[in-house]
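Spelled out from the first residue to the last, the chains are:
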Amino acid sequence: MGSAIAALIANSSCQVVLLDIASNNPNDRNSVVKKAIENIPKQRPPSLSHPSKLAFIKIGNLKDDLQLITECDLIIEVIIEQIDIKYKLYNKIIPYLQNDAILASNTSTLPLKQLKENIPDSIKSRFVITHFFNPPRYMELLELITDQAVVPMVVDKITNFLTINLGKTIVKSNDTPGFIANRIGCYLLELVVRTAIKANLNPVIIDKIFTDLLKFPNTGIFGLYDLIGHDVMKLISTSLVNSLPMNDQYKKIYILTPILDKMIAKNLIGRKGVGGFYRISAINKVKTKEVINFQDFSYTAIEDPKVEYNSINELLDSGSIYGQFFKSILVEFYLYLTSLIPEVTDNIYDIDKAMRLGYSWKQGPFELLYNIKDGFEWLKKEATIKNLPLPKYVANNNYKTIDSSKFQVSRINLRESEVLLKNNSAQVLLYQDRLVFSISTKMNCLNEEVFTLLLEAVDLAEQREQDLYIVPLTDNFSAGADLKLVAHYIKTNDFTKLDRLLELGQQAMMRLKYSHINIISCAVGFALGGGCEILLHSDFIVAHQELNAGLVEVSRGLVPAFGGIKEMFYRAQGNKDRLIKNIINILTANKTSSADYFILDYGISSAQINMNKQMIFLEASQLTFPKKVVKVDKKITLPQISLSEELDISQYNELQILLLAQLQDIIALQEIDEQEILERERKIFLELAQNPKKDLAF
Ligand SMILES: CCCCCCC[C@H](O)CC(=O)SCCNC(=O)CCNC(=O)[C@H](O)C(C)(C)COP(=O)([O-])OP(=O)([O-])OC[C@H]1O[C@@H](n2cnc3c(N)ncnc32)[C@H](O)[C@@H]1OP(=O)([O-])[O-]
C-alpha cells in the first residue's frame, strides 16, 4: 500500500518522496520504484484524484537516495510485516531523520513496543504507528498508536497532518495486536467463514442475511474475505494468533479448515486469484456471479436468494438452521468484542467508529446490538443458557451507561445553532454568527419547499448583510431534483406544476448568482443534477476532494433545467474550445470523480479543495471574501461552431442528438441573455418530459 499512501498524500498537494528497494539492474537502480509509480494510475479504485497529482511524488531507492529523507517531516514505513526486516530499514533511515521528523510504521499487526525495542531513545519520542486502511484514499479510518514515550507535540503534529491534510478520522487504540478494527473485523470474518464451512452452510444465504438484515456492506462476509484475499487473511490471522495471549478466543475460532487451505493451494484466493468463494464468469457472454461448491470446488451460478425473514430478530427466533447459526456466531462475536474492553480501548464509541469507517459497516457493533433483540440482556441470557463466561464489561452491567445518541455523530456538527427559518425540507441556521442554509430531504433532493426557503434565506442574508453558506448536514450535498416527484408529475400529466417548479428552481439559482451577498457552498459527497447547478450558481465552493459532481441529467433521460445549460454557455465566455468541452459535459452526463476533476472539467474558478469533509464548514467559515461585485451584463456571446462537425455524433443516442440540435439552435443566435436560455432549458425539459426518452421510474 506504499504507493497508494504516497498517492493520497499527493492528492492533498503535499510533496511526497516514494522510496523503494534498489533494483539489481545497474543501469536503472530505480526500476522497482518506477514500476510502482507506473502502476499508480492503474490502481482500482483510482488512488489519484487527478493524473496531474503524480507530479507531487518524487522517487528514489533505499540505497542511493536516503539523502531525500532529510527533506521530510514525516516518514511512513510500509514494508513487509517482519520485525527483523523492519529493524534493518530503521537502522538505515534513522541517520537521515531531521531532529523533529516523525517516524511512523503502517504495520497492521506488530505492536509499537516491539517495533521500538532497538530504536535510539531520541527517536522513541517521535515514533508512532499510523495504521491506514485499504484503499487509503477512500477509507476514512486511521488508527493511531502512541505510547508514554511519544511527546504530546508529536501527537498534535501528526494528528493535524492526518486529519487536516489527509482527511482521516483518527481513532486512538492501545498498543495491542491488530489494534481495534482488524482485531474485531478479522475475528468476525474467520468466525463466520470457518464455522459456516464446517456446518456446510451456503455463503450466499449468509451474506444475504448480513447485508439485508444486519445492514452490512454489499460484499457481506464471504465477499469481503474474497476482496481482502484468502492469502492476506491467512497472513493477518496467523500474525494475530501468534501475538495474542494463549487464552485469547481468536486462537480458538481460528480452527483448521482444510477446505480453505485447499482453496489457497488452487489459487482460489478471491478476486485476485482464479476465483474465491465467488467468481464472475461470462456465461453465454453474460457476466454471471457464481458461488463455489465446497465438495469439488466447482462453481454454480447464483440465483438471487430470498431471505424469508423481515428482521434479524425474526430470524433468531425462527429456530431454522440459519437462525441457529446466526444466534451462535452473534453470541460468540459479542462475548469476544466485550472481552476486549478496556484492553483494546475503553471507548466503545471509538469501536463503533472504527468499524464504520474502517470496514464500512452502516452501524458499529454496539449500535447494531441495540437493534438486535433487547441488546445486552439478550446476550447475557443466551450466554447463560450456553454456560459461557461473561466478560467483565457485561457481567458488571457497564453497558447500562451507554448513550446511544453518541453512536452516530452528525458529519458536520452544527448542533449548537439557532434555527431562524424552517420548513419540512430545509432550514436556515445561525451558527456562530454565520448564516447557514441546509437541506433535510432524503439525499438532500430539491423540491418546491427547498427552493422557497432558499429564496427566503437569500432575502434574510441580504437584510442582515451577511454571506450565506450552503452546508449539507449529512454526507451528500444534493442528488438533484427529486426524481420521484418528476416521475409523479409526468405520470399524472401535471406539466403545469412541473413547469412551476422548474421556474421556481431557476429563480432560486438566479437569486444565488445575482444577490449582493456571497454564496459559499460546502460540497461533499454527491452534487448531481440540480445539486451541481447550485454549485455553478454559487460565488465560492469549498469542495471535498472526494466530491462526485456533475450535470448527470442526460443519463436519466432528462436535461439540466435549473440553469445548468445556461451556465455551460455562460462559463465558456465566448471561448470555442471551452464551449465544446462544456457541451460534452452535458451530453455525456459527466460525473466527475474528484474535486480536481470537477474544477477542471466544469471550469470552476472560485474554489478551494478540502480533504476532511467533517471540517469543510470550519474551513469555509475561516475564509474571508471580498464584497461581491454583482455582475450586470447578462448577455452571453456564442462562438459560431457547428456541433455536428466538432463532435463525433455517431456515438450519441436519440436524446443526445435531439439535445445537440437544440443547443445548435441556441448557438445560432450569436448572442443571448441568461433569461432567454433559461426559458429554452425549460422548454426542452418539458418537451422531453411529455415524450420521455427513458423510463423515469426511480
Ligand atoms: C422536481 C422537479 C424539477 C425537475 C427539474 C430538474 C432539473 C434538474 O436540472 C434535473 C435534475 O436534477 S435530475 C436529477 C439528477 N440526479 C440524479 O440523477 C441522481 C440520482 N441518484 C443517484 O444516481 C444515486 O441515488 C446516487 C449516486 C446519488 C447515490 O447512490 P447510492 O449511494 O447507491 O444511494 P441510492 O440507494 O441510489 O439512493 C439512496 C436513496 O435516495 C433516493 N434518491 C437518490 N437520488 C434521488 C433523487 N434525485 N430523487 C429522489 N430520490 C433520490 C433513492 O431512491 C434511495 O431511496 P430509498 O427509498 O432509500 O431506496
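Residues numbered from 1 in each chain as written. Predicted model: local features only at pLDDT ≥ 70, side-chain atom pairs only at ≥ 80, totals over all residues. Heavy atoms only, no water.

Comments concerning the domain arrangement of the protein
Inference 1: Split by domain assignment, the protein resolves into domain 1 (2-172), domain 2 (181-406) and domain 3 (418-690).
Inference 2: Distance between the C-alpha centres of domain 1 and domain 3: 40 Å.
Inference 3: Between domain 1 and domain 3, the contact holds 17 residues from the first and 13 residues from the second.
Inference 4: Across the domain 1/domain 3 interface, buried area totals approximately 1100 Å², and carbon plus sulfur atoms make up 49% of it.
Inference 5: At the boundary of domain 1 and domain 3, one finds three salt bridges.
Inference 6: For lysine 613, the salt bridge is made with glutamate 140, and the minimal N-O distance between the two is 3.9 Å.
Inference 7: At the boundary of domain 1 and domain 3, one finds 10 residue pairs in polar contact (both at pLDDT 80 or more).
Inference 8: Contributing elements (two or more residues each) for the side of domain 1 that touches domain 3: helix 1 (2-11) and helix 6 (152-165).
Inference 9: With three residues, helix 6 is the largest single contributor of residues to the side of domain 1 that touches domain 3.
Inference 10: In the side of domain 1 that touches domain 3, the residues fall into five nonpolar, eight polar and four charged. (Domains from an automatic or database assignment. Contact = heavy atoms within 4.5 Å. Buried area = accessible area lost by both parts, 1.4 Å probe. Salt bridge = Lys/Arg side-chain N within 4 Å of Asp/Glu carboxyl O. Polar contact = N/O pair within 3.5 Å; in protein donor to acceptor, adjacent residues only side chain to side chain. Helix = DSSP H or I, 4+ residues; strand = E, 2+ residues; numbered from the N terminus. Nonpolar A, V, L, I, M, F, W, Y, C, P; charged D, E, K, R; others polar.)

Here we look at the sheet that holds strand 8 (residues 278-283)
Inference 1: As summarised here, the arrangement of the three strands in space is 8-9-10, forming an open sheet in which the pairing is antiparallel. Only two strands of the sheet have a single neighbouring strand rather than two, namely strand 8 and strand 10 (299-301). Strand-to-strand twist in this sheet, taken as the mean axis angle between neighbours without regard to direction, amounts to 45°.
Inference 2: As defined by bridge partners, strand 8 adjoins strand 9 (residues 286-292) across six bridges and the pair is classed as antiparallel. Note that in strand 9 the partner of serine 281 across the bridge is threonine 288. (Pairing = 2+ DSSP bridges. Axes fitted to C-alpha atoms, helices over the stretch in contact; angles between N-to-C directions.)

Thoughts on the side chain of lysine 513
Inference 1: With respect to the helices and strands, lysine 513 occurs in helix 21 (residues 495-514).
Inference 2: Reaching out from lysine 513, the side chain makes a polar contact with the side chain of glutamate 674 at a distance of 3.2 Å.
Inference 3: Look past the residues within four positions of lysine 513 in its chain and what remains in contact with it is His537, Lys566, Glu567, Tyr570, Lys628 and Glu674.

Side note on the site of the ligand
Inference 1: Around the ligand, 27 residues are found, and the nearest of them are Lys442, Ala479, Gly530, Glu533 and Glu553.
Inference 2: One of the side-chain N or O atoms of lysine 442 is found 2.5 Å from an oxygen atom in the ligand.
Inference 3: Alanine 481 places a polar main-chain atom, nitrogen or oxygen, 2.9 Å from an oxygen atom of the ligand.
Inference 4: Protein coverage of the free-state accessible area of the ligand, which is 1100 Å², stands at 74%.
Inference 5: Mapped onto the shell around the ligand, the elements with two or more residues apiece are helix 20 (483-491), helix 21, strand 16 (526-528) and helix 22 (530-536).
Inference 6: Here the residues of the shell around the ligand are counted per class, giving 18 nonpolar, three polar and six charged. (Near = heavy atom within 4 Å. Areas by Shrake-Rupley, 256 points an atom, 1.4 Å probe, with all protein chains shown as cover.)

Topic: the sheet that holds strand 3 (residues 74-77)
Inference 1: If you trace the five strands from one edge of the open sheet to the other, you get 3-4-5-6-7, paired in mixed fashion. This sheet does not close on itself; its edge strands, each paired only once, are strand 3 and strand 7 (169-172). If you compare each strand with its neighbour and ignore which way they point, the axes differ by 30° on average.

A look at the pairing of strand 13 (residues 434-439)
Inference 1: Within strand 13, five of the six residues are buried, which leaves it mostly tucked inside the rest of the structure.
Inference 2: In terms of strand pairing, strand 12 (residues 426-431) meets strand 13 through six bridges, oriented antiparallel. In the strand pairing of strand 13, alanine 426 is matched with isoleucine 439.
Inference 3: What sits between the antiparallel neighbours strand 12 and strand 13 is a turn of two residues, in which glutamine 432 has the positive phi angle 45°.
Inference 4: Following the chain from strand 13 across helix 19 (residues 448-464) to the adjacent parallel strand 14 (residues 468-470), one finds a crossover that is right-handed. (Buried < 20%, exposed > 50% of the residue type's maximum accessible area, 1.4 Å probe, protein only. Right-handed = clockwise from strand over helix to strand, strands pointing away.)

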